[in-house]
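Here is how the chains run, residue by residue.
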Number of protein chains: 2
Amino acid sequence: MTALQDARPHVTTGPIRGSHKHHVEGPAGLRVPVRRIALSTGEHHDVYDTSGPYTDDSAAIDLHAGLPKLREPWIAGREPVGGAVTQLAHARAGVVTEEMRYIAVREGVDAELVRSEVARGRAVIPANRRHPESEPMVIGKRFLVKVNANIGNSAVTSSIEEEVDKMVWATRWGADTVMDLSTGKDIHATREWILRNSPVPIGTVPIYQALEKVDGDPAQLSWEVYRDTVVEQCEQGVDYMTVHAGVLLRYVPLTAKRVTGIVSRGGSIMAAWCLAHHRESFLYTHFVELCEILRRYDVTFSLGDGLRPGSIADANDEAQLAELRTLGELTRVAKEHDVQVMIEGPGHVPLHRIRENVELEEQWCDEAPFYTLGPLTTDIAPGYDHITSAIGAATIAEAGTAMLCYVTPKEHLGLPDRDDVKTGVITYKIAAHAADLAKEHPLAQARDDALSAARFEFRWLDQFHLSLDPDTAVAFHDQTLPAEPAKTAHFCSMCGPKFCSMRITQDVRDYAEAHGLTSVEAIEAGMAQESGRFADEGGRIHLPVTDRT
Amino acid sequence: MTALQDARPHVTTGPIRGSHKHHVEGPAGLRVPVRRIALSTGEHHDVYDTSGPYTDDSAAIDLHAGLPKLREPWIAGREPVGGAVTQLAHARAGVVTEEMRYIAVREGVDAELVRSEVARGRAVIPANRRHPESEPMVIGKRFLVKVNANIGNSAVTSSIEEEVDKMVWATRWGADTVMDLSTGKDIHATREWILRNSPVPIGTVPIYQALEKVDGDPAQLSWEVYRDTVVEQCEQGVDYMTVHAGVLLRYVPLTAKRVTGIVSRGGSIMAAWCLAHHRESFLYTHFVELCEILRRYDVTFSLGDGLRPGSIADANDEAQLAELRTLGELTRVAKEHDVQVMIEGPGHVPLHRIRENVELEEQWCDEAPFYTLGPLTTDIAPGYDHITSAIGAATIAEAGTAMLCYVTPKEHLGLPDRDDVKTGVITYKIAAHAADLAKEHPLAQARDDALSAARFEFRWLDQFHLSLDPDTAVAFHDQTLPAEPAKTAHFCSMCGPKFCSMRITQDVRDYAEAHGLTSVEAIEAGMAQESGRFADEGGRIHLPVTDRT
């Protein structure tokens, strides 16, 4: 690989506070990683783990060597089906691949469900044969909602080292896939370092690199330049690629009256090309050739929404929906070639118009997994767009969206730094989990219940360790009650010792049980009797609860 | 007032960046404040303003003197209706009060709508006659969604000065009401300083102070102690009071099997009292006397949800819903006494069970305004509960909730500091606005459109000034492009000069117009003709777009 300026690039390693890497034994010798959270009760709670070897104390990390090639033997040992090596081809042939078995363990479902969902095109497994380092994962509405984190340098900022560090950092906090959106120098080298060291699937937008090759002039783009770029990225191991093949020449005028026109970079580049040549998009006219290329590597299409709305005013408009119909047409072409497909979605959409996006996508694109950017539910909060979009993301995921592309606090203002990446990932894990709960995913609520039980029982450390971000939970608690004893105190700084509702509740429970007042019947029976009887016992619970501090 | 330790307590004054205080002339000489944002185009954009005189450069602020008594002459000049001075009594009698006229201007609606919504009990105007400093506002589903900010010291932290500063700070960023939840020393004095200096209605939970008077032992509480506390707070000018009168003795056992029992402080205190005495809650048995007290001052009931769920596992359970039915019964009693009522709601609720809360509240409580805490849509993110709850808050507000009680990042971990208060308020303004957009409130989308237009036209300063938090927007932009010229640059650090989709879009528009390609028809007509024709013109748009930097 290209040498880095920094010979010893730094990435964050070691387990997340209160947990350690554990491997669950799966069928056929599969070892599937989980993050095992040890509780003070002696029990433990396992959670889905996207962080790869970096959080494994027993793993030796060498960025120059790259991660172990977990999938290499599986890929080598697999015969093509009908000439195709894709997970889709195998699923259709009834073959349950090692990737599917691995995923079934991660998701707590039957491997046959994974196969059948992939076979019908309602789920995808982004897994380029040239990226054997990745730990298999699935994207589909029947599974846990996934989160993507965008990284990548631009012409004005960042280095290779920073981007590799961001990739590791994003997966540490739960990113299920990472997109490298680099547009500056060293695009190829940056991607190489990221791929060889990434435990999650990597996505790209090839048109960005293609445009670099023609000095940033969209009119100078050609099918040949684009095709060669796609092949180059397939060879490197990119797992899924955003292709804005639905931006057709005749749709461009539909954006003329918009408040924010075309906000997708890829979409605006292709619109410029179409108008400059007054020809149909080469991505559309050469789409079958693209399918043949991606098919050879099992690269998944992420059909881009180049005409997505960039403001509340432009939501669900004619331009957006016309493109979505075309993406449905291309979905069918891709599947005919055994190529996996997901569909990208908006953008900026008000709450009451979000569900329509999912319904139309499922209807027009045969339920191909929907992959949305937010959507942002208002335009008025730059600096807080992780929040404006988390509201939309939870809503659209509840409606059936399979993967959420995070938005960081820097959206519209600048490139995310390390802290922004973490904030974006945690915020989107919240949105994804809220949707998993709403969809009643079997694995979802156990963690909420475990954390809430710890909270009620004042097991502070368990509460922190079960949370999405233990470091921040501990830091916030310490700001008001830094003393170590407070970690076991039966109160917190919100109410202080005397007012704690949870402690009063416990006293209430103890008292009720001591007096058999544990049912409505018992209570009413008691009330029927001569009053003052309880006063004889002292007429009060043996509070003050401060006794228990 | 009690002297403060600090003779010159500090609060933040002066306009928010890019705006200034303006007064709109209303009917009958009313002067209604708005925050006027000046745009670089020479236009301006007015937004709802909760900040009071503190953001008015022409106002002299003296915390020891308190704010001007805006409503004093209105109150003095008004005759009781049927012996009642409440806004509800006047509304029912067909009287449009000055408060209603003032509110109509703020909300951009007809004053008669305000009167009729108050008359039918679907909206409340919290406005104690003893708090004439407050600027009238309305809480109801037909109006803009409102946000409450909780402040207040506890036994272990904070001072009077800090709490007054937090009140001013919260209203600066958009808090429509403030609740003083102080539980420590100086409860009376803290409240006095807050009331005399607050431009927004102030809410309290009287049981907290009553409990202080009996040394924190719930069993020692009595109707007399509570009544005297309520009178004391009514006299001071508290505008609305949380009363947990729905926590009945027979409901207590319903909480025994819960994961988190009773998490409401007031609820747990009353449950403890009921069990200790084995008697029905004095708040319930003396509710009519409470109505007679609140009626004299026009204090609004906020009927508390003492049995709200404190975890996803406990959402919408028997205990919660039994209490809600009782709150409906009490709502009718209060209205018979011409006392305004709103209903408090949960809590912790998964996304798919939120709407049911609004539907049952409207059905059982005659559409009295619903006032909810979040709800949090998952338990697993302590440190980020402003976000877990903003998702639920936007959803429940879209369904008809009238006011949202904010949750700060410190929820479950500690008391919010000044930064947490701001983060909580801005986050909840986002949730409220997202709901206003979804409800298609006439005033809502204009701000989104203005900001998005500024964004598309690279009017960076206008974009910042139109945002909910201009200071943060500017600070984030400066982190990557600090140079002043960047404020007018036609690109940002996300894509750099060559890739800006918005600029390419503008080029596309210019080109399309120059060649008459502004309709699908024109495009298709052009395509039908001999190709290469456009190549003769150079075959490209006159990019590179870097020409325009």
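Residues numbered from 1 in each chain as written. Chains lettered and ligands numbered in written order. Predicted model: local features only at pLDDT ≥ 70, side-chain atom pairs only at ≥ 80, totals over all residues. Heavy atoms only, no water.

- Named according to an unreviewed UniProt entry, chain A is Phosphomethylpyrimidine synthase originating from Pseudonocardia hydrocarbonoxydans.
- What UniProt records for chain A under Catalytic activity (unreviewed entry) is the sentence "5-amino-1-(5-phospho-beta-D-ribosyl)imidazole + S-adenosyl-L-methionine = 4-amino-2-methyl-5-(phosphooxymethyl)pyrimidine + CO + 5'-deoxyadenosine + formate + L-methionine + 3 H(+)".
- Reading the Function (unreviewed entry) entry of the UniProt record for chain A gives the comment "Catalyzes the synthesis of the hydroxymethylpyrimidine phosphate (HMP-P) moiety of thiamine from aminoimidazole ribotide (AIR) in a radical S-adenosyl-L-methionine (SAM)-dependent reaction." (UniProt positions renumbered as here; feature names shortened; annotations may be inferred.)

**A few points about the interface of chain A and chain B**
A common way to express how large an interface is: the accessible area buried when the components associate.
Part 1 of the argument: On the chain B side, the residues contacting the 127 residues of chain A number 127 residues.
Part 2 of the argument: Summed over both sides, the interface of chain A with chain B buries roughly 10,800 Å², with 69% coming from carbon and sulfur.
Part 3 of the argument: Applying the counting rule to chain A against chain B returns zero salt bridges.
Part 4 of the argument: The tally of links between chain A and chain B comes to 16 residue pairs in polar contact (both at pLDDT 80 or more).
Part 5 of the argument: Of the residues that constitute the side of chain A that touches chain B, the class distribution is 63 nonpolar, 40 polar and 24 charged. (Contact = heavy atoms within 4.5 Å. Buried area = accessible area lost by both parts, 1.4 Å probe. Salt bridge = Lys/Arg side-chain N within 4 Å of Asp/Glu carboxyl O. Polar contact = N/O pair within 3.5 Å; in protein donor to acceptor, adjacent residues only side chain to side chain. Nonpolar A, V, L, I, M, F, W, Y, C, P; charged D, E, K, R; others polar.)

**Let's talk about the relation of the copies chain A and chain B**
Part 1 of the argument: Least-squares fitting of chain A to chain B yields an RMSD of 0.0 Å, with the transformation described by 0.0 Å of translation along the axis and a rotation of 180°. Expressed as an axis order, the relation between the two copies is that of a two-fold axis. Judged by C-alpha distance, Ile-391 of chain A is the residue of chain A that lies nearest the rotation axis, at 2.3 Å.
Part 2 of the argument: Taken together, the interface assignments show that 100% of the residues at the interface of chain A recur at the interface of chain B, consistent with an identical surface on both copies. (Least-squares fit on C-alpha atoms with pLDDT ≥ 70 in both.)

**Considering helix 5 (residues 160-172) of chain A**
Residues and elements named next belong to chain A.
Part 1 of the argument: In this model, helix 5 (13 residues) spans 18 Å end to end at C-alpha, consistent with the 18 Å of a helix rising 1.5 Å per residue.
Part 2 of the argument: Within helix 5, twelve of the 13 residues are buried, which leaves it mostly tucked inside the rest of the structure.
Part 3 of the argument: Looking only at helix 5, the buried set comprises Ile-160, Glu-161, Glu-163, Val-164, Asp-165, Lys-166, Met-167, Val-168, Trp-169, Ala-170, Thr-171 and Arg-172.
Part 4 of the argument: Turning to helix 5, the residues buried within the fold contact strand 6 (146-151), strand 7 (177-180), helix 6 (187-196) and helix 15 (418-438).
Part 5 of the argument: Directly beyond the C-terminal end of helix 5, a positive phi value near 125° is found at Gly-174. (Helix = DSSP H or I, 4+ residues; strand = E, 2+ residues; numbered from the N terminus. Expected span 1.5 Å × (residues − 1). Buried < 20%, exposed > 50% of the residue type's maximum accessible area, 1.4 Å probe, protein only.)

**Here we look at the packing of aromatic side chains**
Part 1 of the argument: Evaluated as defined, the whole model comprises 16 aromatic pairs over all chains.
Part 2 of the argument: For the ring pair Trp-460 of chain B and Phe-464 of chain B, a centre distance of 6.1 Å and an interplane angle of 45° mean the geometry is tilted. Residue Trp-460 of chain B and its partner Phe-464 of chain B are both found in helix 17 (residues 460-466); the two are separated by four residues, about one turn of the helix.
Part 3 of the argument: Joined through ring pairs, the aromatic side chains of Trp-223, Tyr-226, Trp-273 and Phe-282 of chain A make up one cluster.
Part 4 of the argument: Between the NZ or CZ atom of Lys-410 of chain A and the centre of the ring of Phe-476 of chain B, over which it lies, the distance is 5.4 Å. (Phe/Tyr/Trp six-rings, centres within 6.5 Å; stacked < 30°, edge-to-face > 60°. Lys NZ or Arg CZ within 6 Å of the ring centre and 35° of its normal.)

**Details of the state of the cysteines**
Note: disulfide means a covalent bond formed between the sulfur atoms of two cysteine side chains.
All names here are of chain B.
Part 1 of the argument: Within the structure shown, the criterion is met by zero disulfides over all chains.
Part 2 of the argument: Of all cysteine sulfurs, the one in Cys-291 lies closest to Cys-274, which takes part in no disulfide; the gap is 18 Å.
Part 3 of the argument: Residue Cys-274 is classed as buried on the basis of its relative accessible area, which comes to 0%.
Part 4 of the argument: Its sulfur unpaired, Cys-365 is 14 Å from the next cysteine sulfur, which belongs to Cys-291. (Disulfide = S-S within 2.5 Å.)

**Section: the nonpolar core**
Part 1 of the argument: Phe-301 of chain A together with Phe-301 of chain B are the most contacted members of the largest nonpolar core, which totals 255 residues.
Part 2 of the argument: Here Phe-301 of chain B is in contact with Met-241, Val-243, Phe-287, Leu-290, Cys-291, Leu-294, Ala-334, Val-339, Gln-340, Val-341 and Met-342 of chain B, once residues within four sequence places are set aside. (Core = buried A, V, L, I, M, F, W, Y, C linked by side-chain atoms within 4.5 Å.)

**Digging into the sheet that holds strand 2 (residues 31-38) of chain A**
All names here are of chain A.
Part 1 of the argument: A sheet is described by the order of its strands in space; here three strands give the open sequence 1-2-3, paired in antiparallel fashion. Two strands lie at the open edges of the sheet, namely strand 1 (19-25) and strand 3 (44-48), each paired on one side alone. Within this sheet the neighbouring strands show an average axis-to-axis angle of 45°, counted without direction.
Part 2 of the argument: Two elements, strand 1 and strand 2, share seven bridges in a ladder whose sense is antiparallel. Counted as the bridge partner of Val-24 is Val-32 from strand 2.
Part 3 of the argument: Helix 3 (residues 98-107) rests against strand 1, strand 2 and strand 3 of the sheet, and its axis sits at about 15° to strand 2. (Pairing = 2+ DSSP bridges. Axes fitted to C-alpha atoms, helices over the stretch in contact; angles between N-to-C directions.)

**Digging into the pattern of salt bridges**
Part 1 of the argument: Tallied over the full model, the rule gives 72 salt bridges over all chains.
Part 2 of the argument: The salt bridge partner of Glu-235 of chain A is Arg-130 of chain A, with a shortest N-O separation of 2.6 Å. Of this pair, Glu-235 of chain A sits in helix 8 (residues 223-236) while Arg-130 of chain A sits in the loop between strand 4 (123-124) and strand 5 (139-140), and the two are 105 residues apart along the sequence.
Part 3 of the argument: Its relative accessible area of 35% is what places Glu-235 of chain A among the partly exposed residues.
Part 4 of the argument: Of the residues examined, Arg-130 of chain A reaches a relative accessible area of 39% and is grouped as partly exposed.
Part 5 of the argument: Ionic pairing is found between Glu-367 of chain B and Arg-122 of chain B, a salt bridge with its closest N-O pair at 3.5 Å.

**Quick look at the sheet that holds strand 10 (residues 300-303) of chain B**
All names here are of chain B.
Part 1 of the argument: Strand order in the closed barrel formed by eight strands is 6-7-8-9-10-11-12-13, with parallel pairing between adjacent strands. Each strand axis lies, on average, 25° off the axis of its neighbour in the sheet, ignoring direction.
Part 2 of the argument: Two elements, strand 11 (residues 341-345) and strand 12 (residues 370-373), share three bridges in a ladder whose sense is parallel. Bridge pairing links Ile-343 to Phe-370 in strand 12.
Part 3 of the argument: Contacts from helix 11 (residues 287-297) reach strand 9 (240-243) and strand 10, with the element oriented near 140° to strand 10.

**Structural notes on the UniProt feature "binding site: Zn(2+)" (unreviewed entry) in chain A**
Part 1 of the argument: According to UniProt, the "binding site: Zn(2+)" (unreviewed entry) feature falls on His-348 and His-412 of chain A. Over a stretch of 65 residues, the named residues converge on one spot in the fold, their C-alpha atoms separated by at most 12.4 Å.
Part 2 of the argument: In this fold, His-348 of chain A is placed in the loop between strand 11 (341-345) and helix 13 (354-364).
Part 3 of the argument: Those residues in contact with His-348 of chain A, other than ones at most four positions away along the chain, are Pro-309, Gly-310, Ser-311, Ile-312, Ala-315, Pro-375, Leu-376, Asp-379 and His-412 of chain A together with Arg-455 of chain B.
Part 4 of the argument: Position of His-412 of chain A among the secondary structure elements: in the loop between strand 13 (403-405) and helix 15.
Part 5 of the argument: A polar atom in the side chain of His-412 of chain A sits 2.8 Å from the side chain of Asp-385 of chain A.

**Regarding the pairing of strand 11 of chain B**
Along any regular strand the residues' side chains alternate between the sheet's two faces.
Residue and element names in this part refer to chain B.
Part 1 of the argument: Most of strand 11 sits out of view: five of its five residues are buried.
Part 2 of the argument: Residues Val-341, Ile-343 and Gly-345 of strand 11 are buried on one face, and the alternating residues Met-342 and Glu-344, pointing to the opposite face, are buried as well.
Part 3 of the argument: The β-α-β motif built from strand 10, the intervening helix 12 (residues 318-336) and the parallel element strand 11 has right-handed crossover chirality.
Part 4 of the argument: Tracing the backbone out of strand 11, into helix 13 (residues 354-364) and back to the parallel element strand 12 gives a crossover that is right-handed. (Right-handed = clockwise from strand over helix to strand, strands pointing away.)

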